[in-house]
There are 2 protein chains.
Amino acid sequence: MVALRTKRTNNEADEPSSPVLRFDADKPLKLDAGTLLSPFQIAYKTYGTLNDARSNAILVCHALTGDQHVASTNPVTGKPGWWEVLIGPGKIIDTSRFFVICSNVIGGCLGSTGPASTNPATGKPYGLDLPIITIRDMVRAQLMLVDHFGIEKLFSVLGGSMGGMQVLQWASSYPERVFSALPIATGARHSSQNIAFHEVGRQAVMADPEWHGGKYFEQGKRPEKGLAVARMAAHITYLSEAALHRKFGRNLQDREALTFGFDADFQIESYLRHQGMTFVDRFDANSYLYMTRAMDYFDLAADHGGRLADAFAGTKTRFCLVSFTSDWLFPTEESRSVVHALNAAGASVSFVEIETDRGHDAFLLDEPELFAAINGFIASAARARGLSA
Amino acid sequence: MVALRTKRTNNEADEPSSPVLRFDADKPLKLDAGTLLSPFQIAYKTYGTLNDARSNAILVCHALTGDQHVASTNPVTGKPGWWEVLIGPGKIIDTSRFFVICSNVIGGCLGSTGPASTNPATGKPYGLDLPIITIRDMVRAQLMLVDHFGIEKLFSVLGGSMGGMQVLQWASSYPERVFSALPIATGARHSSQNIAFHEVGRQAVMADPEWHGGKYFEQGKRPEKGLAVARMAAHITYLSEAALHRKFGRNLQDREALTFGFDADFQIESYLRHQGMTFVDRFDANSYLYMTRAMDYFDLAADHGGRLADAFAGTKTRFCLVSFTSDWLFPTEESRSVVHALNAAGASVSFVEIETDRGHDAFLLDEPELFAAINGFIASAARARGLSA
């Protein structure tokens, strides 16, 4: 069985260690669920300096279990920011040149209002009393943050996976606010198989008696075992069969021979258990339910009468899509259908499929071809935007 | 959350509704774990009549969650046998011509000795006190059953998935006892990704507090929620992305619009929950741990110094391997490597890759090309064996 660490409190949810923008009753967040979220808050990080023309801002959108700590040490894990390989002074996304904004999505657990946040109406964590959050809701909140900075047009919006969904939503909902868009390893809708994997994860969380119908904080508990199982299942989908074979194969973990028991004989078992264990230290179980649901619900074509091209009608945004050959969570075909829709909408679009065996997770790794693609696209867009190098 | 049914007892484990062969202390089963299992029993079903020459016997090996009820009503579910589409009077495997034997594997839960069986030493179910069972152990027990029938040489051994592993093990361990072998949708070793999925399932079971370290029967409990989650995760791997898309897509379940909640909005969610729910009614959780472990441990090449061809050295058995294009649990490449090894061993081997989008589960379905392949192979082998049509 997975050994579990001590519980952490949910302080980061209410009082995050990054800046917070609070919106009171006069500025509610309109939700797709048909209700208003108010008051609410957005926790965010910025890197670099906004120029006088406010034309050098890049919004980075995070994935399912990501957060605002994109290019600086994560306060929960103590690890480097999740995209520090890409973003920082002198890096591909050069923060001595660009003003990078990254906010925790609504529904998250690192300081933006989510199920772990205190519900002002009850003084207790929202739990499942928080309405369902959609990708469009996340983007609506981000727009309010961008407005707060007085940024009329973002130079670029980029992100991978669920972050890429937000990029596509931005480009569709607010085309005049997005000069360039970089959706990576993503799609315009969540597939049946992807919904299936998410449902397994949710059922694993909900099957844990420590979940308590979502009210675990009030019981002083957390559904750590269920969440660990959910993470383990999801983690397999982030890698490729080839990468697993290359990294682990059937190698044994710190032993010479099979033990004929249920311990982690194989390295892959030990690795997965570790992934599950460390995840529960940094992530809220209810937030995991909300994030997976947001992705399941995402279907940009359905929001436009079933025709994806209509989601981008008349767009002037410059697009670059990136997919990875071994990504079976968001196969190249998903990106290609977005490219076709953008072509049909007459958009400026480039598309790069990167040959790698590292699976979906490739977008988070030191992947030279990815960096080259982003670098080329950003450089060209910067020239077009009149930003000096 | 998955709604759960009432518990069933483990009577079928000790006193199955099919014939049973009991082996007392004088005939223990030698296990790869290094111990002896004794006493033990094998529950089996037969169909058709063994001819005077005892040359018309076909041994069918079942998959992970299968059982001996291959061609007649299952006593637990009341449903048809799991391969009744293929086996019966006048069918492809014609029981008016062949004598078909199918036994519950050792470690199973339908009457052959397994973790749900009563341990004679304690009077309680074995639980995790049963030694780990391997594919080779299963086959060793089957040999004792075949000996019981006085069958010198099986006309054929066939099976899919874990059943196919047993077929390969039979052909490797007892080549002189196997005239022809039909391993379907299988491989000579379990891959890293497959071990990973099994580990997720095991952790889901073990995370359920009703598992009680495997001693749930003594508590009058069963880890149904954990086992249901395990089954849901596994079930995704039995289907293909294309089949899920074709069958379910993003279709909603009995509703016009998204409900903005965690109910099963999508058909795929409802379908998966149903798969989990019905599985716990018919299968023992500990047995699931043992079956998955047996598959994980299977590595025929490793048993022969790393050279798979040596597993089949000098074989005179006729082989036919079948794979399915959309099977990502046992991709065609796994079958192909067995075919290469058989070629290197100078064996008689044919290989059919069947184009289908139905994934791994295709081997259990009404798949005309599969039936044609089996039919052709069996007819040719029967002629070679001198069996009249």
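Residues numbered from 1 in each chain as written. Chains lettered and ligands numbered in written order. Predicted model: local features only at pLDDT ≥ 70, side-chain atom pairs only at ≥ 80, totals over all residues.

Draft legend 1. Geometry of the overall build of chain A. Across its full length, chain A carries ten helices and 14 strands. For 389 residues, the compact-globule estimate of 2.2 N^0.38 gives 21 Å, and the C-alpha radius of gyration of chain A, at 21 Å, lies within 12% of that figure. Overall, chain A is about 65 × 50 × 45 Å in size when its C-alpha atoms are taken along their principal axes. Out of the 389 residues in chain A, the part that is buried amounts to 56%. The long-range share in chain A, meaning contacts at least 24 apart out of those at least 6 apart in sequence, stands at 70%. (Helix = DSSP H or I, 4+ residues; strand = E, 2+ residues; numbered from the N terminus. Rg over C-alpha atoms; globule rule 2.2 N^0.38 Å. Buried ≥ 20, exposed ≤ 12 C-beta atoms within 10 Å, placed from the backbone. Contact = placed C-beta atoms within 7 Å.)

Draft legend 2. Just the sheet that holds strand β11 (residues 154-160) of chain A, in detail. All names here are of chain A. Here eight strands make up an open sheet; going across it, the order is β1-β4-β8-β5-β11-β12-β13-β14 and the pairing mixed. Each having just a single partner strand, β1 (20-23) and β14 (348-354) make up the two edges of the open sheet. Averaged over all neighbouring strand pairs, the angle between strand axes comes to 20 degrees, with direction disregarded. Sheet topology note: the strand β5 (residues 57-61)/β11 ladder contains four bridges and is parallel. From the neighbouring strand, Ile58 faces β11, where its bridge partner is Ser156. The strands touched by helix α10 (residues 368-384) within the sheet are β11, β12 (178-184), β13 (318-324) and β14, with β13 carrying the most contacts at an inclination of about 180 degrees. (Pairing = 2+ DSSP bridges. Axes fitted to C-alpha atoms, helices over the stretch in contact; angles between N-to-C directions.)

Draft legend 3. Expanded view of the UniProt feature "active site" (unreviewed entry) in chain A. Residues and elements named next belong to chain A. If you check UniProt for "active site" (unreviewed entry), the listed places come out as Ser161, Asp327 and His360 in our numbering. Annotated residues spanning 200 residues; largest pairwise C-alpha distance 10.6 Å, indicating a single compact cluster. Topologically, Asp327 is positioned in the loop between β13 and α9 (332-344). For Asp327, a count of 29 C-beta atoms within 10 Å puts it in the buried group. Setting aside residues no more than four positions away along its own chain, Asp327 makes contact with Ala185, Gly359, His360 and Ala362. With respect to the element layout, His360 can be found in the loop between β14 and α10. The contact partners of His360, leaving out residues within four places of it in the chain, are Ser161, Ala185, Thr237, Tyr238, Asp327, Leu329 and Phe330. (UniProt positions renumbered as here; feature names shortened; annotations may be inferred.)

Draft legend 4. Structural view of the relation of the copies chain A and chain B. Superposition record for chain A on chain B: RMSD 0.0 Å, screw rotation 180 degrees, translation along axis 0.0 Å. Such a turn and shift between the copies fits a two-fold axis. Of the interface residues in chain A, 100% have counterparts in chain B that sit at the interface too, so the contact is made through matching surfaces. (Least-squares fit on C-alpha atoms with pLDDT ≥ 70 in both.)

Draft legend 5. Focus on the UniProt feature "domain: AB hydrolase-1" (unreviewed entry) in chain A. Feature annotation in UniProt places "domain: AB hydrolase-1" (unreviewed entry) on residues 56-365 of chain A, given in this structure's numbering. Split by type, residues 56-365 of chain A is 34% helix and 15% strand. Its first and last C-alpha atoms lie 25 Å apart.

Draft legend 6. Expanded view of the sheet that holds strand β11 (residues 154-160) of chain B. Residues and elements named next belong to chain B. Pairing is mixed across the open sheet formed by eight strands, whose spatial order is β1-β4-β8-β5-β11-β12-β13-β14. In this open sheet, the two edge strands, each paired with only one partner strand, are β1 (20-23) and β14 (348-354). When strand polarity is set aside, the average angle formed by the axes of neighbouring strands in this sheet is 20 degrees. Sheet topology note: the strand β5 (residues 57-61)/strand β8 (residues 99-103) ladder contains four bridges and is parallel.

Draft legend 7. Quick peek at the nonpolar core. Ranked by internal contacts, the top residues of the largest apolar core, which has 252 residues, are Val100(A), Ile58(B) and Val100(B). Once you skip the residues sitting within four places of it in the chain, Val100(B) turns out to touch Thr46(B), Tyr47(B), Gly48(B), Ile58(B), Val60(B), Ala71(B), Ile87(B), Ile93(B) and Thr95(B). (Core = buried A, V, L, I, M, F, W, Y, C linked by C-beta atoms within 7 Å.)

Draft legend 8. Structural context of the domain arrangement of chain A. Residue and element names in this part refer to chain A. Domains assigned within chain A are domain 1 (13-190 + 305-384) and domain 2 (194-293). Of the residues lining the interface, 28 residues belong to domain 1; the matching set on domain 2 comes to 21 residues. For the side of domain 1 that touches domain 2, the residue count by class is 14 nonpolar, ten polar and four charged. (Domains from an automatic or database assignment. Nonpolar A, V, L, I, M, F, W, Y, C, P; charged D, E, K, R; others polar.)

Draft legend 9. Structural view of the interface of chain A and chain B. Listed as interface residues are 45 residues of chain A and, on the opposing side, 45 residues of chain B. Counting residues per element, the ones that place at least two in the side of chain A that touches chain B are α4 (192-207), α5 (224-238), α6 (241-247), α7 (267-282) and α8 (285-297) of chain A. By residue number, the principal contributor to the side of chain A that touches chain B is α4(A), which donates twelve residues. Tallied by class, the residues present in the side of chain A that touches chain B amount to 27 nonpolar, eight polar and ten charged.

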